[in-house]
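Read off the chains here:
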Amino acid sequence: MGEGPVVKLEASAYPRFARHESFHPRYGWLKKGVDGAASDPGIFIREDAVVQLGVGKNMVRAIRFWGTAAKLLTTARNDARPRQPLVVPTRLGRALFDDEGWDPYCEDPGTLWLIHWLLLAPKSSVPVWWIALNEFPGVEFSADELHDFVVDFTNGIGDWDDVQPSSIRKDVDCFLRMYTASTNQARTTGDDAIDCPFRDLGLVRPASQRRHFRFVSGDKPGLPPQIALYAALDFIARTEHRAKTATLSRLVSEPGSPGRAFRLPEEVFAGLLETAAESVAGVQLLTTNGVTQLAIDGPPNEIASEALRSHYAAGQLDGDATLAGPAAEEPADPAFVPSTDDRVAV
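Overview of the structure. Everything quoted here is computed from the prediction, not taken from an experiment. (Residues numbered from 1 in each chain as written. Predicted model: local features only at pLDDT ≥ 70, side-chain atom pairs only at ≥ 80, totals over all residues. Heavy atoms only, no water.)

A look at the overall build of the chain
Stated precisely, the cut-off is as follows: Only DSSP runs of H or I with at least four residues qualify as helices, and only runs of E with at least two residues qualify as strands; both kinds are numbered from the N terminus onward. Partly exposed describes any residue whose relative accessible area lies between the buried limit of under 20% and the exposed limit of over 50%, with all areas from a 1.4 Å probe on protein chains only and scaled to the type maximum. Contacts were defined at the residue level, with two residues in contact if any of their heavy atoms lie within 4.5 Å. Surface accessibility in these figures is a Shrake-Rupley result with a 1.4 Å probe; residues are shielded only by whichever protein chains are displayed.
Within the chain, the secondary structure is distributed over 15 helices and eight strands. Buried positions account for 53% of the 346 residues belonging to the chain. A sequence separation of at least 24 residues applies to 68% of the contacts in the chain between residues at least 6 apart. Per element, the accessible surface of the chain, about 15,400 Å² overall, is 47% carbon and sulfur.

Dropping the structure here:
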């Protein structure tokens, strides 16, 4: 019936904490990281990286971390200095952020939703983000409550039980700064979006009680249907790549699912998938005996790649078109850039 295996934290995320240097991703950082790695795979270990990238030393490390966490950068062997691997763009990183890519300046709101999903997709390098959106039961909460839950949740899980609470605290604070949107539109400025564009997703808002927050569930007007479909198929490709069906309940409710990542109820997610299926071949949303399933006619990673191409109105990809599942994280062929002959302005 397309239920698939239950996804657990240790299979979904690495035990990595507080590696962002207390910086959430800022506007332009992801392209800066992809461009830098494309032109010089040793950029992040160069002594003059601060000059080349035009940011402070801690920001250099943060750019590398966020580019890697979003699966836009990956490591490559460094024969000259084996203990210091090189960093290169992934297929997906280059497809999105190359100068001739689909959305090099992150002008399409769908790109933020896509990157949000990639940060959480297995394996995630931001386990506190994964726990907060997939396992934390609170709707309205304080930073202390989220911190304490993560500490308790990770205790006793193999390599996870020696995590310092102070590191978890840094991650919780970064998570909340990254996603919490202002409720006062009069005080929202362009600087807020530049500081952290992910606030525009509207996933977390300040609660009425001081220093409390609230997860926002329900319709997400800025989430494009093809990106929602991509996330569903990418989830399947990473957790059960031979599956031909997946129940809607699994795609919405299971820990690690896109429904949890996007905070969507079943009826909203179903509407997005139905809309996307109108422009992407190989998928249908079917209901049999009261069970709604996403039916897949072909490899999920390949259909997911077509969903991205449909969203960005791009021509056929040069080289390998697989931009979903683990293959999307492989180093990009230096000659590979997406065709943009048919790309439309957003």
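Text resumes after the structure shown.
Topic: the pairing of strand β8 (residues 291-296)
To keep it simple, the criterion reads: Note on pairing: two strands pair once DSSP finds at least 2 bridges between them.
In this structure, strand β6 (residues 245-247) lies alongside β8, joined through three bridges in antiparallel fashion. For A246, the partnering residue across the bridge sits in β8 and is L294. The pairing of strand β7 (residues 283-288) with β8 spans six bridges and is antiparallel. Note that in β8 the partner of L286 across the bridge is Q293. Linking β7 back to β8 in an antiparallel pair, the connection comprises two residues, with N289 at a positive phi of about 55°.

Regarding helix α15 (residues 300-311)
Note the following rule: Multiply 1.5 Å by the residue count of a helix minus one, and that product is the helix's expected span.
Given a rise of 1.5 Å per residue, 12 residues ought to cover 16 Å, and the 16 Å separating the end C-alpha atoms of α15 matches this to within 8%. Buried residues of α15: P300, I303, A304, S305, A307, L308 and H311, and no others. Following α15 by one or two positions, A313 has its phi on the positive side, about 50°.

As for the environment of L273
Along the chain, L273 turns up in helix α14 (residues 266-277). The sequence separation of L273 and L229 amounts to 44 residues, and the corresponding C-alpha distance is 5.7 Å. In this structure L273 touches A228, L229, A232, L248, L251 and L285, once residues within four positions along its chain are discounted.

A closer look at the side chain of T322
Structurally, T322 can be placed in the segment after α15. Of the residues examined, T322 reaches a relative accessible area of 12% and is grouped as buried. Beyond its immediate sequence surroundings of up to four residues, T322 is in contact with R91, N301, E302, S305, A327 and A328.

Brief notes about helix α11 (residues 225-239)
Its 15 residues give α11 an end-to-end C-alpha distance of 21 Å, which sits within 8% of 21 Å, the value for a rise of 1.5 Å per residue. With respect to burial, α11 is a largely interior element, 13 of its 15 residues being buried.

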